[in-house]
Amino acid sequence: MSWPASLRLFASALFRRSRVESEMDEELASHIRDRAADHVREGMSAGEAARKARLEFGGYQKFKEECREAAGVHFLETLAQDTRYAFRTLRKAPGFAAVAILTLAIGIGANTAIFSVVYAILLKPLPYAHSEQLFNVFQRESHDESVRTGFSYPNFSDLREQSHIFSDVAGVQRHELTLTGHGEPQVISTSVVTSDFFSVFCENPIVGRVFVPEEGKVGAPAVVILSEGLWRSSFGADPGVIGTSIDLDKRSFTIVGVVPTGFRFPSLTKSEQIWIPRSQDPLFGSWLARRGGHWLQVTGRLRPGISRSQAQAELSAFASRSAKDFPAENDGWEIGMIPLQQMIVGDVKSALLVLLGAVGLVLLIACTNIANLLLSRATSRAKEIALRATLGAGRARIIRQLLSETAVLSLLGGLAGIFLAYAGVRGLSSFLPATLPQVNEIRVDHFVLGFAFFLSAFAGAAVGLVPAFYMSNSSLQTGLREGGGRSGQSSGGRRARGFLAAAEIALAMVLLVTAGLLMRSFVALTAVNPGFQVQKIVKADISLPRAQYATPQQWNSFADNLLAGIKSEPGLQDSAVAIPMPLADGQVNLAFEIEGRPPVSAGSSLTADYVSVSPDYFHVMGIPLLGGRTFDQRDDFSSPRVTLINRAMARTYFPHQDPVGQRLVFGFPPDADAPREIVGIVGDVHDVSLGEDPGPMMYVPYAQAPFPGAGVVVKSTLSAASVTAAIRQEVAKHDKDLPVSDVAQMSKVIEESVAQPRFRTFLLALFAAIALALAAIGIFGVISYSVSCRRQEIGIRVALGASRRAILRMVLRETLFIAVAGLALGVPCALAASRLLGHLLFNVSPNDPLTLFAVALALVAIAVLAGYIPARRAMRTDPMIALRHE
């Protein structure tokens, strides 16, 4: 045979055996060297011999390319053949295919839906240009690093002027203003910003312009920028509104621009909002000269090339200079920075990751279940696999064929899961708590679709690998023997199926324990006494425009007249005014001093939450008086200043003494320096959240410290709709342009305050229920298949005199062994998982033995129930029929 023919034969053999190309190149080099040596022996020089040998083998590169092309065509043909066969195999077992596809669809769909939430909130960049450069800059007291606050405007101005690390710095705060003159009066979420706010976020308007620096100065014309949502809903998307005026709190503002709907900051959950310069704000505008406040939220855009450590070093140096220049306001305060996305996400990150981990376990259980089904089908396909091996198929070829079948399953399950994910995202969007930050829209986009297809590929590999390796490893003789009937069952297959069923129980236990802990925590949270009456109480907010109601006397007069009108209505006598409302309006936390005591050290202060109430508030809300007296009509603006404190404040700041008669100085308008005498002690109220212990609180008479608005609470046996209508009617009598907002029953306020814990608890409980059902199905399948394979053995036992009770014990013993093995695997995993969510629990230990025991007992009971059905079938086995069948 000539050397070119030998070379082709050699390359063809390499191609058939799928050897690497480097081996072909090495062999070719060897042939070239041998041929060159022959030429040297013929008298050629070494250089000439090498050139001639290379020319003789010059056609090899083309041949190699032809081999590559042939290999690609062969691979595609084989893949198409395997795929067609996989579809034919699934059509022959429609029941198995339907169950497997549905199981995978549930797992992939649930994972994709939860991932869409996690991606939108935690992973997707903020919808601002170069959002990685945006940082929240905050102040905090040196002794309490957990509480971050804003800046005063003078401190902010110094930071902006002296900073070299930020290209732009902006300040923002938010509250609400009343829009009138465009339909019904409505309360609009209002962002009070510095003039460079939109340049920090690189946001351009769709109509008009953004603020210019001159508009941020005191005395400049009042201007406003609208959101696109408000522009469309209230102004018909008319571009001609630019330059026209609108009334906000009875004051005229000129519209200068409209920003797109996609821009939402800092009001992240509302699309209809406005932005006004900080100097034009009726509330915060009067605070511009106060250096001691911490009301301005600051956002900075870090310059390119500046590291976070460099930026923090400069901020620390600035804080030191500020403390030296203004010790009374800045001594003991630090300055820090965190990425803006981290600030926005807050404490929801851990809860969302827990949900993502939980739904991931559901997918693992689903994959384990399907792998067990495939192992159960292995016996019926043993003869097929053995014949393939007899006809020359290698183990790799058999594995590839089997994996192609699971790939088709996972692809079909993934497609069905994507449809379920679309429906799940729509359902989740309406179920998500209002307090969950949603800067990005939650939807199934291309990135989420990519995640879904990745899950499908993962599921295909996870489902198919173990059965494929097990089935391809069976010997020809075993395959022929077991394929001939149903009674054969190898010990390896039985152990593999038992292990997978135990793994399902272990994974289900992790989910059930975590769900049980969260459920117990939620029950404990909702059982907390808020400290006030909840039932039959309706609250509503009325905001007064500062342009029309400018003085505290006007605020007080409005509240008195409104209360008098409401109380004149039948059934509404129990009414009061309070600002802020517990659990609904946040809290006003004020520093104070106790008269006669030395001042506290620098960097620390005495603080308490501040509430302004009318005399009947404690009666209406059911807050008990523990000592002294409550407010009455004598406590008006002309009488000595008084205050009430709660039990927590008395315990914190007046231990082992009676606080009644002590005097406090709040430093809060309208009479900031006037001391207030403590005249009574009332019960504790959860004003921040049910999950936090009540902190110190100070109450003042509304007549002595009114607000530009009124929070009304009414206790009545009438329906909530009747109470709401009466409040609106009375407000309209006094001023038809005043909107009544945030009307709600206090019971609903309580429910909304625990919306996030309810959301994560519900979803985790749902995932745990799915996991439990899948585990039960897995055990049922394993035991049912075991019974069917052991029919001959059971028939012989019955023929030899075994009682039905003995057969039942034998089957249940196998079931209990699987369950106990699963519990042994699951207990340490569940304990480890419970520690990860310890910070989400309320009054429940992560190692709660009651939850662990209850879950273990429930799993054993479900396992026994799942095994009892095939056990009863085994008890009824007729030995003659079983032996005749064999």
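Residues numbered from 1 in each chain as written. Predicted model: local features only at pLDDT ≥ 70, side-chain atom pairs only at ≥ 80, totals over all residues. Heavy atoms only, no water.

1. Comments concerning the overall build of the chain
Note the following rule: Here a helix means four or more residues in a row that DSSP labels H or I, a strand means two or more in a row labelled E, and each is numbered from the N terminus. For each residue, the accessible area found with a 1.4 Å probe, counting protein chains only, is set against the maximum for its type, and the residue is called buried under 20%, exposed over 50%, and partly exposed in between. Contact criterion: two residues are considered in contact whenever any of their non-hydrogen atoms come within 4.5 Å of each other. Computed with a 1.4 Å probe, the accessible areas rest on the Shrake-Rupley method; for each residue, only the protein chains presented here act as cover.
From N to C terminus, the chain includes 27 helices and 21 strands. Going through the 886 residues of the chain one by one, you find that 50% of them count as buried. Taking the contacts inside the chain whose residues are at least 6 apart along the sequence as the reference set, 80% of them involve residues at least 24 apart. When the accessible area of the chain is evaluated, it comes to approximately 40200 Å², of which 58% is carbon and sulfur surface.

2. Remarks on the nonpolar core
Test applied: To define a nonpolar core, start from buried Ala, Val, Leu, Ile, Met, Phe, Trp, Tyr and Cys residues and group those joined through side-chain atoms within 4.5 Å.
Counting residues in each nonpolar core, the largest one holds 96 residues, and the members touching the most others are Ile114, Ile121, Met509, Leu511, Phe767 and Leu859. Per-element accounting of this core gives the leading share, 16 residues, to helix H5 (residues 94–123). Once you skip the residues sitting within four places of it in the chain, phenylalanine 767 turns out to touch Ala110, Ile114, Leu355, Ala358, Val359, Val362 and Leu511. Core analysis: the second largest hydrophobic core is formed by 43 residues, Tyr549, Ile681, Val700 and Ala726 among them.

3. So, a nonpolar patch on the surface
The test is simple: Patch membership needs two things, relative accessible area over 30% and no salt bridge, and members are linked within 9 Å if like-charged or within 5 Å if nonpolar (Val, Leu, Ile, Met, Phe, Trp, Tyr). By definition here, a salt bridge exists when the distance from a side-chain nitrogen of Lys or Arg to a carboxyl oxygen of Asp or Glu is within 4 Å.
Residues Leu102, Ile106 and Leu420 make up a contiguous nonpolar surface patch of about 260 Å² in total accessible area. Structurally, leucine 102 is set in helix H5.

4. With respect to the pattern of salt bridges
In a structure, side chains of opposite charge can pair up when their charged atoms sit close to one another. Across all of its chains, the model carries 19 salt bridges by this definition. With a shortest N-O distance of 4.0 Å, aspartate 684 and arginine 647 are connected by a salt bridge. Note that aspartate 684 is positioned in the loop between strand S18 (676–682) and strand S19 (697–701) and arginine 647 in helix H20 (residues 647–653), a separation of 37 residues in sequence. Classification of arginine 647 by relative accessible area gives partly exposed; the value is 42%. The network of salt bridges with shared partners includes Arg629, Asp632, Arg634 and Asp635.

5. Quick notes on the packing of helix H18 (residues 552–567) against helix H21 (residues 720–734)
Quick note on the threshold: A fitted line through C-alpha atoms represents every axis, and for helices the fit uses only the stretch in contact; the resulting angles, taken between N-to-C directions, go from 0 to 180 degrees. The cut-offs work like this: below 35 degrees is roughly parallel, past 145 is roughly antiparallel, 65 to 115 is roughly perpendicular, and the gaps in between are oblique. Put simply, a crossing is left-handed when the front helix is turned counterclockwise from the back one by less than a right angle, and right-handed when it is turned clockwise. Gly counts as polar in this scheme, as do all residues outside two lists: the nonpolar Ala, Val, Leu, Ile, Met, Phe, Trp, Tyr, Cys and Pro, and the charged Asp, Glu, Lys and Arg.
Close contact between H18 and H21 brings their axes to 9 Å; oriented N to C, the two are set at 135 degrees. Relative to H21, the element H18 lies oblique. Once H18 is placed against H21, the crossing between them reads as right-handed. Residues Phe558, Asn561, Leu562, Gly565 and Ile566 of H18 form the contact with H21, whose own contacting residues are Ile727, Glu730, Val731 and His734. A class-by-class count of the residues in the contact of H18 with H21 yields five nonpolar, three polar and one charged.

6. Notes on the pairing of S18
We apply this condition: Strand pairing follows a simple DSSP-based rule, namely that at least 2 bridges must link the two strands.
With six of seven residues buried, S18 lies mostly within the body of the structure. Bridge analysis of strand S15 (residues 625–628) against S18 gives three bridges, and the strand direction is antiparallel. Each bridged residue has a counterpart across the sheet, and for leucine 625 the counterpart in S18 is valine 682. In this structure, strand S16 (residues 642–646) lies alongside S18, joined through five bridges in parallel fashion. Residue pairing in the sheet places threonine 643 in a bridge with isoleucine 678 of S18. As judged from the two bridges shared by strand S17 (residues 663–665) and S18, these two strands associate in the antiparallel manner. Paired with arginine 663 across the strands is glutamate 677, a residue of S18.

7. Remarks on the packing of helix H25 (residues 804–836) against helix H26 (residues 849–875)
Where H25 contacts H26, the two axes come as close as 8 Å, and the packing angle between them is 150 degrees. One way to sum up the angle between H25 and H26 is to call them roughly antiparallel. When the axes of H25 and H26 are compared, the crossing they make is right-handed. For the pair H25 and H26, contact is made by Arg804, Ile807, Leu808, Val811, Leu812, Thr815, Leu816, Ala819, Leu823, Val827 and Leu831 and by Leu852, Ala856, Leu859, Val860, Ala863, Val864, Gly867, Tyr868, Ala871, Ala874 and Met875, respectively. Among the residues making up the contact of H25 with H26, the classes are represented as 19 nonpolar, two polar and one charged.

8. Some details on the environment of asparagine 561
As for its placement among the helices and strands, asparagine 561 is situated in helix H18. Put simply, asparagine 561 and valine 731 are 170 residues apart on the chain and 9.6 Å apart in space, counted from C-alpha to C-alpha.

9. Considering H26
Filter applied, for reference: What a helix should span is 1.5 Å times the count of its residues minus one. The seven residues ending at a residue and the seven starting there each receive a fitted axis; the angle between those axes is the bend at that residue.
Taking 1.5 Å per residue as the helical rise, H26 with its 27 residues ought to reach 39 Å, and the 37 Å between its terminal C-alpha atoms agrees with that figure. Where H26 bends most, the angle comes to about 30 degrees, and this point is tyrosine 868, followed within four residues by the proline proline 870. Thr851, Val855, Ala856, Leu859, Ala863, Ala866, Gly867, Pro870, Ala871, Ala874 and Met875 are the residues of H26 that are buried.

These values are about where atoms sit, not about what they do.
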